[in-house]
Amino acid sequence: MGRGNVCVTGSCEGLYYIDNDDFHVYRRVDDLSEWPETRLMGALDYGELTGGEWAYDEEGTGNEEDDVLECFMEDFCRMFPSFKRAGTNEWLRNGPYGDLSRRVLLESKLFYICVEDNEWSLAVELVQKEEPWGLPWMENLQKQLYQKYLDGMKKSLLNRLPGVGIRTGAWTSGRIKREECLV
C-alpha cells in the first residue's frame with residue numbers, strides 16, 4: 001500500500017488521497033514531435049504501461065501535480081479566507097519523532113494543510129496545530145471547524161479530479177467519485 005500507509009493521528013485531523021492514476025503522465029515513446037502525445041496513467045491499461053510504447057514523463061507529471069495542487073489551493077482559499085499559502089519550503093514532521101515528510105501548502109491559526117508522498121498516491125492532510133502550553137481553547141475551536149475544512153478539501157479536490165481516495169481502516173481505503181458528491 002505504499003510507504004507506511006500515510007495517515008493522520010490527531011482527533012481533529014483527516015486526509016484525502018490523490019491517486020497516481022490521476023496525475024502521473026506518460027508520453028508516447030515513438031512520438032518525437034515537440035508536443036508528443038501524453039496520457040494520464042489511469043487512461044492506460046496494463047498492456048500499454050508494460051508494452052514499451054509509453055514512457056513515464058517526469059516533467060509532465062510534475063506540471064500536472066503542480067496544476068492539481070494549485071487549483072486545490074486557489075479553490076480552498078476562496079472558500080476559507082483564514083487559510084494562507086505557506087512558505088515555499090516549509091515542512092512538518094510526521095509524528096513527534098518522524099521525518100520531515102509533510103510539505104505545508106496552506107495554514108491558518110488552527111491548522112496546516114500538507115501534502116505527503118505515499119508512493120501510490122499523494123496524501124492531502126488537514127493537520128492540527130498544537131498550543132505550546134496545552135490550553136484547551138485551541139482544541140475546542142478545532143473540534144468545531146475541522147469537519148467543515150475536510151468537506152471543503154473534498155469539494156476543492158473533486159472540482160479538479162475525477163475522484164479522491166479515503167482511508168477506511170488500518171490497511172484499507174476507498175474512493176469517492178465526483179459524480180457521487182454532486183447528488
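Structure: see above.
Conventions used here
Residues numbered from 1 in each chain as written. Predicted model: local features only at pLDDT ≥ 70, side-chain atom pairs only at ≥ 80, totals over all residues. Heavy atoms only, no water. Helix = DSSP H or I, 4+ residues; strand = E, 2+ residues; numbered from the N terminus. Contact = heavy atoms within 4.5 Å. Expected span 1.5 Å × (residues − 1). Buried < 20%, exposed > 50% of the residue type's maximum accessible area, 1.4 Å probe, protein only. Polar contact = N/O pair within 3.5 Å; in protein donor to acceptor, adjacent residues only side chain to side chain. Bend = angle between axes of the 7 residues up to and from the residue. Pairing = 2+ DSSP bridges.

A.B. asks: Sorry, what's going on with the side chain of His24 here?
C.D. replies: Relative to the helices and strands, His24 is located in the loop between β1 (14-19) and β2 (25-28). Once residues lying within four places of it in the same chain are set aside, the contact partners of His24 are Arg39, Leu40, Met41, Tyr56 and Thr61.

A.B. asks: How should I be thinking about helix α2 (residues 58-79) in this particular structure?
C.D. replies: Every α-helix carries 3.6 residues per turn, so stepping three or four residues along brings you back to the same face. The end-to-end C-alpha separation of α2 is 32 Å, in line with the 32 Å expected for 22 residues at 1.5 Å each. If you check which residues of α2 are buried, you get Gly60, Thr61, Glu64, Glu65, Val68, Leu69, Phe72, Met73, Asp75, Phe76 and Cys77. Measuring from the backbone nitrogen of Glu59 back to the side-chain oxygen at the start of α2 gives 3.3 Å, which picks out Asp57 as the cap.

A.B. asks: Looking at this model, I keep getting lost on helix α3 (residues 136-158). Mind explaining?
C.D. replies: Between the first and last C-alpha of α3 there are 33 Å, a value that for 23 residues agrees with the 33 Å anticipated at 1.5 Å per step. Within α3, the axis deviates most sharply at Leu145, by approximately 40°.

A.B. asks: Sorry, what's going on with the pairing of strand β11 (residues 173-177) here?
C.D. replies: Consecutive residues of a regular strand have side chains that alternate between opposite faces of the sheet. Judged from the 5 bridges that link them, strand β10 (residues 163-167) and β11 form a sheet pairing that is antiparallel. Bridge pairing in β11 links Arg167 to Ser173.

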